[in-house]
Each structure stands twice: as structure tokens, then as C-alpha cells.
Amino acid sequence: MFHSDFEEKLPYSVLTFVALAVFYAIYFGKMLAQKRRGIRTRQIGSCKEKSLHTIELLMSVVTLGIVPAQILSIVFGLSCLPGGVRFTGFLIALLGDGIFLAAVLCMRDSWRAGIPAQDKTEIVTTGIYAFSRNPAFLGFDFMYIGVLLLYCNPLTAAFTAFAIVMLGFVAVVRITISNIYPFFEGAHGISDIPRLTTIWTVLPITVIMVWLMRNFLKSHYGKNCIAINQQEPPKW
């Protein structure tokens, strides 16, 4: 009961502003530090390829549009969740801040916002990048989800869902393009390892495995496994 009353009385507007301020202080602080070294950090929309240019502009609109949506929700107190959930959202937002900070620090001067058209950056595999290939976007996602739990309403829900989907989609596109050799000179693993697998060996093996699994699930033993999983008495 004490914890419930405590969580309900917390100044969530202040806590949310703090989480957002920390996040964007990291973002713009990193941009300013790189600008002083002659590095252009924000390159969203600089790609000349039409489809990529459109994707990056759409991502920019979403990530910029979510900010006023969040601020409006805070100002007007638009939240439909109880205090316990909102406090959890604050912790998740702080987690996002921490992940994002670790990402930009480990990335050093290789960090860019967008797909650079000309810059050649080093691939980072140490620190937090040893566990996630795109922890910066992961930090974005945690922060967005945390603020959504703090101020849950249709406006922030729509922007948050769209922003998370767009960030994930852009990450996939970026990784794909960076590995189109030799145009973008992306990473291709350790050299001189014989390539023993091709699409024509993986595809038939996959089809066979799916067929075997399907037959097993429809067999007597497979149905017993399903029954045990669903805590039903097996039919021997």
C-alpha cells in the first residue's frame, strides 16, 4: 500500500522531462563534440539513392514529430496508466538513456545519424557493440517505450509505434546496404574462410526440416508432446 501511494504521488511530469533532457543532451552533446572536430554527425537524407532518401526523411519526420507529441502529453497530463506502471516507464526511459550513452561513447567518432554517403567509418565491435549491433537504436526504443508508459495516450502510442518500426526498418536497410561489396565496403567477416554454404544447400535443408517437423507434430508422439506442453494427460 505504501509503495502504491508513493508511486501515485511522484512528479511524473518532472521525471519525464528529466529522462528526455538527459537523452537529448547526450544526442546534441555528441553532435557538438564531433562538429568541433569537423565531423558532420547528422546525415539523415544525404543519401542520393531515391528510396533510401525517402526512408531517411520519413524516419526524420517521425523522430522529430514524436517530441512535440510527448511534450503535449506531459503539459496536459494525458496518461491513462496507474502509478506503478508509470514508475516502471521512468526506469525503462533511464535504461534507454544509459544504453544510448554507452553506444555513442563506444562509437567514438564513427557515430553518424543516417547513412553517410561519403564518410568511411570504422566498424565497432567492443563495449556494448559486442552484445548489440545497433545499441543506439535500442536506446531510442527503450526511451520511447518508457515515455509511452509514463504518458500513455493515443497520440504518443501512435508516434511511438511508428518510430520504433521505422528505426528497426532503417537499421535493417543500413546493414544490408553496408554489406553490398564493393560499393560500400562493408564488413564481410574473417577472410580466407572457405564458403561451404550457399542458398541452394540451405533452402532444401530448410524445406526438409520443416516437412519433418510438420510430420512429427501430426504424429502420435508429437501430439503427446503437445499435450504435455499444454499440461494435458497424454494419450498413450
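Residues numbered from 1 in each chain as written. Predicted model: local features only at pLDDT ≥ 70, side-chain atom pairs only at ≥ 80, totals over all residues. Heavy atoms only, no water.

Engineer: I keep staring at the overall build of the chain and nothing clicks. Help me out?
Structural biologist: Secondary structure summary: the chain contains eight helices and zero strands in total. Starting at the N terminus, the α and β elements of the chain follow one another as α-α-α-α-α-α-α-α. Of the roughly 15,200 Å² that the chain leaves accessible, carbon and sulfur atoms contribute 70%. (Helix = DSSP H or I, 4+ residues; strand = E, 2+ residues; numbered from the N terminus. Areas by Shrake-Rupley, 256 points an atom, 1.4 Å probe, with all protein chains shown as cover.)

Engineer: What's the story with the nonpolar core in this structure? I'm lost.
Structural biologist: The nonpolar side chains of soluble globular proteins are, as a tendency, buried together. Phe100, Tyr129, Phe140, Met143 and Tyr144 are the most contacted members of the largest nonpolar core, which totals 33 residues. For this core, the secondary-structure elements that each account for two or more residues are helix 2 (12–36), helix 3 (50–75), helix 4 (83–107), helix 5 (135–150) and helix 6 (154–178). With residues up to four places along the chain from it excluded, the contact list for phenylalanine 140 reads Phe23, Tyr27, Phe100 and Leu167. (Core = buried A, V, L, I, M, F, W, Y, C linked by side-chain atoms within 4.5 Å. Buried < 20%, exposed > 50% of the residue type's maximum accessible area, 1.4 Å probe, protein only. Contact = heavy atoms within 4.5 Å.)

Engineer: Would you explain the state of the cysteines in this entry?
Structural biologist: Enumeration according to the criterion identifies zero disulfides in this entry. With no disulfide partner, cysteine 80 has as its closest neighbouring cysteine sulfur the one in cysteine 152, 4.0 Å distant. (Disulfide = S-S within 2.5 Å.)

Engineer: Help me understand the packing of aromatic side chains in this model?
Structural biologist: Each aromatic ring pair is specified by the distance between its two centres and by the angle formed by the two planes. For the coordinates displayed, the defined rule picks out eleven aromatic pairs. By way of ring pairs, the aromatic residues Phe23, Tyr24, Tyr27, Phe28, Phe100, Phe137, Phe140 and Tyr144 are connected into one cluster. For the cation-ring pair, arginine 86 lies above tyrosine 151, with the distance from its terminal atom to the ring centre recorded as 4.8 Å. (Phe/Tyr/Trp six-rings, centres within 6.5 Å; stacked < 30°, edge-to-face > 60°. Lys NZ or Arg CZ within 6 Å of the ring centre and 35° of its normal.)

Engineer: Is there a simple way to think about the packing of helix 2 against helix 4 in this case?
Structural biologist: Axes are the key here: two packed helices are described by the angle between their axes and the distance separating the axes. Between helix 2 and helix 4, the least distance of the axes is 10 Å, while the angle of their chain directions is 10°. One finds that helix 2 runs roughly parallel with respect to helix 4. Here helix 2 contributes Tyr12, Leu15, Ala19, Val22, Phe23, Ile26, Tyr27 and Lys30 to the contact with helix 4, which in turn contributes Gly83, Arg86, Phe87, Phe90, Ala93, Asp97, Phe100, Leu101 and Val104. When the residues that make up the contact of helix 2 with helix 4 are grouped by side-chain class, the tally is 13 nonpolar, one polar and three charged. (Axes fitted to C-alpha atoms, helices over the stretch in contact; angles between N-to-C directions. Parallel < 35°, antiparallel > 145°, perpendicular 65-115°, else oblique. Nonpolar A, V, L, I, M, F, W, Y, C, P; charged D, E, K, R; others polar.)

Engineer: In this structure, what is going on with helix 2? I would like to understand it.
Structural biologist: Residue pairs spaced three or four apart in an α-helix point in one direction, given the helix's 3.6 residues per turn. An ideal rise of 1.5 Å per residue puts 36 Å on 25 residues; helix 2 measures up with 36 Å between its terminal C-alpha atoms. Burial in helix 2 covers these residues: Tyr12, Leu15, Thr16, Ala19, Leu20, Phe23, Tyr24, Ile26, Tyr27, Lys30 and Gln34. Directly after helix 2, the chain includes glycine 38, whose backbone phi takes a positive value near 80°. (Expected span 1.5 Å × (residues − 1).)

Engineer: Hey, could you run me through the environment of glycine 65 in this one?
Structural biologist: By the element assignment, glycine 65 lies in helix 3. Judged by its relative accessible area of 18%, glycine 65 falls in the buried class. Distance in space between the C-alpha atoms of glycine 65 and phenylalanine 159 is 7.5 Å, their sequence separation being 94 residues.

By themselves these figures say nothing about function.
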